[in-house]
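# Architecture and fold: a report
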Amino acid sequence: MQIMMDIGTTVLDQLQKPTLSFLLGGMMLAALGSKFEVPQPVYKFIVILLLLKVGLGAGMSVRDADLLSLVIPALAAALTGIAIVALGTRALARLNGVSKIDGMATAGLFGAVSASTLAAAMAMLDADGIAFEGFIGALYPFMDIAALVTAVVLGRMSAQHTASQNATSDGTVTMGGGTGGAAFHVNRELVRGILVDTLRSPAISALLLGLALGVLAKPDVVYQSFYEPLFKGLLSILMLIMGMEAWSRLSELRKVAHAYVLYGLTAPLVHGLIGFGLGLIAHHLTGFSAGGVVLLAVMAASSSDISGPPTMRAALPEANPSAYVGASTGLGTPVAILSIPLWVWLANLVIGI
Amino acid sequence: MQIMMDIGTTVLDQLQKPTLSFLLGGMMLAALGSKFEVPQPVYKFIVILLLLKVGLGAGMSVRDADLLSLVIPALAAALTGIAIVALGTRALARLNGVSKIDGMATAGLFGAVSASTLAAAMAMLDADGIAFEGFIGALYPFMDIAALVTAVVLGRMSAQHTASQNATSDGTVTMGGGTGGAAFHVNRELVRGILVDTLRSPAISALLLGLALGVLAKPDVVYQSFYEPLFKGLLSILMLIMGMEAWSRLSELRKVAHAYVLYGLTAPLVHGLIGFGLGLIAHHLTGFSAGGVVLLAVMAASSSDISGPPTMRAALPEANPSAYVGASTGLGTPVAILSIPLWVWLANLVIGI
Amino acid sequence: MQIMMDIGTTVLDQLQKPTLSFLLGGMMLAALGSKFEVPQPVYKFIVILLLLKVGLGAGMSVRDADLLSLVIPALAAALTGIAIVALGTRALARLNGVSKIDGMATAGLFGAVSASTLAAAMAMLDADGIAFEGFIGALYPFMDIAALVTAVVLGRMSAQHTASQNATSDGTVTMGGGTGGAAFHVNRELVRGILVDTLRSPAISALLLGLALGVLAKPDVVYQSFYEPLFKGLLSILMLIMGMEAWSRLSELRKVAHAYVLYGLTAPLVHGLIGFGLGLIAHHLTGFSAGGVVLLAVMAASSSDISGPPTMRAALPEANPSAYVGASTGLGTPVAILSIPLWVWLANLVIGI
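Along each chain, residues carry numbers from 1 onward, in the same order as the chain's sequence is written. Throughout, the order in which chains and ligands are written sets their labels, letters from A for the former and numbers from 1 for the latter. Predicted model: local features are reported for residues with pLDDT of at least 70 only, side-chain atom pairs are reported and counted for 80 or more only, and whole-chain, interface and lining totals are derived from all residues. Heavy atoms from the whole structure form the basis of all side-chain values; hydrogens and water molecules are not counted.

This paragraph deals with the pattern of salt bridges. Residues and elements named next belong to chain A. By convention in these notes, a salt bridge is any Lys or Arg side-chain nitrogen within 4 Å of a carboxyl oxygen on Asp or Glu. Scanning the model with the defined rule gives 24 salt bridges over all chains in all. Glu-228 is the salt-bridge partner of Lys-53, the closest N and O atoms lying 3.5 Å from each other. With a gap of 175 residues between them, Lys-53 in helix H3 (residues 40-64) and Glu-228 in helix H10 (residues 220-253) connect regions that are remote in the sequence. Here Lys-53 falls in the buried class, since its relative accessible area comes to 8%. We call a residue buried when its accessible area falls under 20% of the maximum for its residue type, exposed when it is over 50%, and partly exposed in between, using a 1.4 Å probe and counting protein chains only. Since its relative accessible area comes to 37%, Glu-228 is described here as partly exposed. In this structure, Asp-220 and Arg-63 form a salt bridge, with 3.2 Å as the shortest nitrogen-oxygen distance. One end of the pair, Asp-220, is in helix H10; the other, Arg-63, is in helix H3, with 157 residues separating them in the sequence. Arg-63 gets classed as partly exposed once you look at its relative accessible area, which sits at 32%. Put simply, DSSP H or I for four residues or longer makes a helix, DSSP E for two residues or longer makes a strand, and each gets a number counted from the N terminus.

The structure is reproduced here in structure tokens:
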């Protein structure tokens, strides 16, 4: 009984914190049909400031960091991204009413990372006084790019496979070796194309720019006088927007199979566990901090809301956006943000904070 | 002679303060034909931040407030809103060249509240070190909604009355009881509709969201690190915009009857007196502060510039926007803002600050 | 050898400072084809805040300044603007492939002032602890307006001259005295028109508004709580935008004569020297500070990026924007910003800081 009350108090306590309460506030506004909205250009600018802040902070930490201590977590991040997509593609393919290509696009978004969710987790750890490596922001692109590239390559290969099967059944003769070589060639080109596109996307380039400036320049003064102090406030506005966005995307999910609802609700927790597990290994290998393990779990649990959807639309035009955006922005993102306290609790249990 | 000089010094002193000087600066820019403008999305965002700030501050105060001490001022606020519309509708109907429906729409906007004017008054009281109840922001919706609902209901009833008169003179037989019942039914539906629309309007929902988060969550950290410090600066930008807007709206007034100019110049002062009087009663009944009385007078003197006009356009499409927007934004708002020092002076005289 | 290393260290040190590193970061982003962009309304708002800040600061200083100490630097600023245009028009006219009117428009932009470059220099002097007169911002319009008016008057006179020559060769009889009188009349009207247009342009009116409020009102509180603290951070964003803009404008230069590349690369240095020289005279006459001399050189070296191009387009519609915008925004602005440390070094050498 006492435990139940403790849990209840903790959950209520977390929900009252700025990050989660503004997210819920945004969902409430949308649910009640409010015409409140944050103008699109302002939203974009808030995201830019947030990504620059995360990048700058990570860059300044990388500058002073032992590079070896970075390698293992970066590897863990990339592995997590690939594992989530591989697992998600299989899981979704077995569910009713999910086309292969839609499943791959959805798994790709869930493997990619949400900057806002990561920022929300950082703000919550800061508020709770839980330490984490400053370079964590630098892990973002490893997981994000690994997941997007894996999903798009799988998607393109599957589309090509279908096309060549159709061609074969039309009576065309194909030579195994030749096709294989061509496929391999196409894939290298394809991977390069996706890598370049992803690196050039607004979100990833803002983050990498911040990283580069943090490592190579001396932005410390402007970081401390501008980016750092505005961070929490702008995050509260962003959470409002994401809450409203999540609610309005939910309606799109009605148009597609129920399987997406199931996946959107459970996948963030499974993915978070994968990230947590790989982070735990890094903890034992290199002394990666408990806060870092939490943030790796949050990155894994999160799904891409800014850079992912346009990448998917461009790279897999056959996939249905109602399915993958509905599942990720409508369910994946709020579940991921709301489950941040879970990973803190788990890290406290397993590692001790 | 000495008194005249004192008054002159005081007025000059007030006009030099950031709030009023930026308002006058904006009017000057527009008068001189400057092409300076603040982009629309930024303007909208500044208003959102300002309303969230007022709401959050009020909410956090309501959380700690004795609820009984809130009831009387809230009642005074609602009564003020209704009284202004009732009075304004009659006054405008007697003036030359004012149609009944235009008069109601205009009175409705003058009864509703301007968030920017209220914020300007709060900033000026803060600068002068005059205390007021933290929950004042929570009174805003009471006056605003009471005024808008009264105006629209009166407008719709008058339109229906005209329509049924026309119908009768066309030879149609109507049964008194039946029509009355229908009108009553329509009115309940109508009031519900306006209430819902007003609550869903961007301005009121931002304010109510802030209130709800202030009461139910713990936004104190983000309030003190972001919303509160940015308030004065963003208000200075907003005053610039409102000054320019006021000047450019003045030209629209030329298209309509002179009666609107008379009303726009004098109504804020009469309305402020009504608010001041009802606030004074609350002061004697519940110890409502002198600063609170000033702010109630300012709310009464102010006319709606953000949420009001679209509500009127939707609810009373027959009314002429040049008349009601010209009178409220072109004259009512600057007169209300410029008369803030008057209420401070009056409160000092009557109550003592 | 030691000297070379010292210079290398100093240059590297300067390039690592926020202002220059964000500028280079923006150029890198554009060069790598990033899709990163700061929304237009936000960009405009940042420029407004920056100009208000510079204006307010200058105005508050003018309020307390000995007016006589202002006259000489203001004269130096205006003379610099006229000299740059006179020199540039002649120099460009001698270069291959440059039409007379394009040369005048380009020289006009290079004579006008860039608020962002000036702001960048102020931030760099502040960071290095180098003092300068607070009223420097008030010199901006003197140089800017002098240069724009000179360029447009020269341009219009040349166009009229060409037109009247054509008319004469067509066999029309013209009377010297009469035409001269008309030309003189047209010029007075023309100068008045350009003056009014320039004063009404968004950039100049924001600056003058700030100046007027700084002189006549008491914006000190809001200046210190809002405009001043946000300045460095917003400037870093602006430098990003200008770097991206500069890179993308470079491609436009390929469409026009190579002469513009030569001019764009060297003119800022020559112009800076002119400003430095006239500033040095003011230093000896009135004790104008070394920091002030640096800022006058930077203003002279800078070319207009915000208010200039639209003024030129309106006043000299025959001129080719690819030429003058490409040369000024693509080359002039980055060269001017990157050469700021040069003027600091020179001032240290000649005056001693």
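Before going further, it helps to spend a moment on the packing of aromatic side chains. When two rings of Phe, Tyr or Trp (its six-membered ring) have centres within 6.5 Å they constitute a pair, described as stacked for plane angles under 30 degrees, edge-to-face for angles over 60, and tilted for the intermediate range. Overall, the coordinates contain 12 aromatic pairs over all chains when judged by the stated rule. With centroids separated by 4.9 Å and ring planes inclined at 70 degrees, the aromatic side chains of Phe110(A) and Tyr263(A) adopt a geometry described as edge-to-face. Residue Phe110(A) is found in helix H5 (residues 100-111), and its partner Tyr263(A) is found in helix H11 (residues 259-286); the two are separated by 153 residues along the sequence. Using a relative accessible area of 6% as the deciding quantity, one classes Tyr263(A) as buried. With 6.4 Å between their ring centres and 5 degrees between their planes, Phe22(B) and Tyr227(C) make a pair best called stacked. Of this pair, Phe22(B) sits in helix H2 (residues 18-31) while Tyr227(C) sits in helix H10 (residues 220-253), each in a different chain. A residue is classified by how much of its surface remains accessible, and Tyr227(C), at 3% relative accessible area, is buried.

In this analysis the probe radius is 1.4 Å and the grid spacing 1 Å, with only protein atoms considered; a cavity is a set of points the probe fits into but cannot get out of, a pocket is an open set with protein on both sides within 12 Å along at least five of seven lines, and lining residues have an atom within 4 Å of a point. Grid points are joined across faces, edges and corners, and a volume is the space filled by probe spheres set on the points. Applying the stated criterion across every chain, the model contains 4 cavities of 30 Å³ or more. Lining the largest cavity are 21 residues; nearest its centre among them are Phe45(A), Phe45(B), Leu234(B), Phe45(C) and Leu234(C). Going through the elements one at a time, H3 and H10 of chain A, helix H3 (40-64) and helix H10 (220-253) of chain B together with helix H3 (40-64) and H10 of chain C are the ones with two or more residues in the lining of the largest cavity. When grouped by side-chain class, the residues that make up the lining of the largest cavity number 21 nonpolar, no polar and no charged. What lines the second largest cavity is simply Ile46(A), Leu49(A), Leu50(A), Lys53(A), Phe226(A), Tyr227(A), Leu230(A), Phe231(A), Leu234(A) and Leu235(A). Mapped by element, the contributors of at least two residues to the lining of the second largest cavity are H3 and H10 of chain A. Looking at the lining of the second largest cavity element by element, the count peaks at 6 residues for H10(A). Side-chain classes are defined by residue name, with Ala, Val, Leu, Ile, Met, Phe, Trp, Tyr, Cys and Pro counting as nonpolar, Asp, Glu, Lys and Arg as charged, and the others, Gly among them, as polar. Of the residues in the lining of the second largest cavity, the class split is 9 nonpolar, no polar and 1 charged.

This part covers the UniProt feature "transmembrane region" (unreviewed entry) in chain A. Residue and element names in this part refer to chain A. UniProt positions are given in the numbering used here, feature names are shortened, and annotations may be inferred rather than shown by experiment. The positions UniProt marks with the feature "transmembrane region" (unreviewed entry) are residues 45-62, 68-93, 105-124, 130-154, 198-217, 229-248, 260-279 and 323-346. Helix makes up 100% of residues 45-62 and strand 0%. Its end C-alpha atoms lie 25 Å apart. Helix makes up 100% of residues 68-93 and strand 0%. Its end C-alpha atoms lie 39 Å apart.

As a further point, take the relation of the copies chain B and chain A. When chain B is fitted to chain A, the residual RMSD is 0.0 Å, and the transformation amounts to a turn of 120 degrees plus an axial shift of 0.0 Å. The transformation relating the two chain copies, once decomposed into turn and shift, fits a three-fold axis. Here only 8% of the interface residues in chain B have copies in chain A that are interface residues too; the copies meet through unlike faces. The copies were overlaid with a least-squares fit restricted to C-alpha atoms from residues scoring a pLDDT of at least 70 in each copy. Here, two residues are considered to be in contact whenever any of their heavy atoms come within 4.5 Å of each other.

Before going further, it helps to examine the relation of the copies chain A and chain C. Superposing chain A onto chain C takes a rotation of 120 degrees combined with a translation of 0.0 Å along the rotation axis, leaving an RMSD of 0.0 Å. Mapped onto chain C, only 8% of the interface residues of chain A are again interface residues, and the two copies thus contact each other with different surfaces.

Facing 24 residues of chain B, the contacting portion of chain A comprises 26 residues. The buried area of a pairing is the accessible area, by a 1.4 Å probe, that goes missing from both parts when the two are put together, added over both. A buried area of about 2000 Å², summed over both sides, lies between chain B and chain A, and 73% of it is on carbon and sulfur atoms. In terms of surface lost to chain A, no three residues of chain B exceed Phe45(B), Arg200(B) and Lys218(B), which account for 25% of the buried area on that side. Our count for the contact surface shared by chain B and chain A stands at 1 salt bridge. Linking Lys218(B) and Asp13(A) is a salt bridge whose minimum nitrogen-to-oxygen distance equals 3.5 Å.

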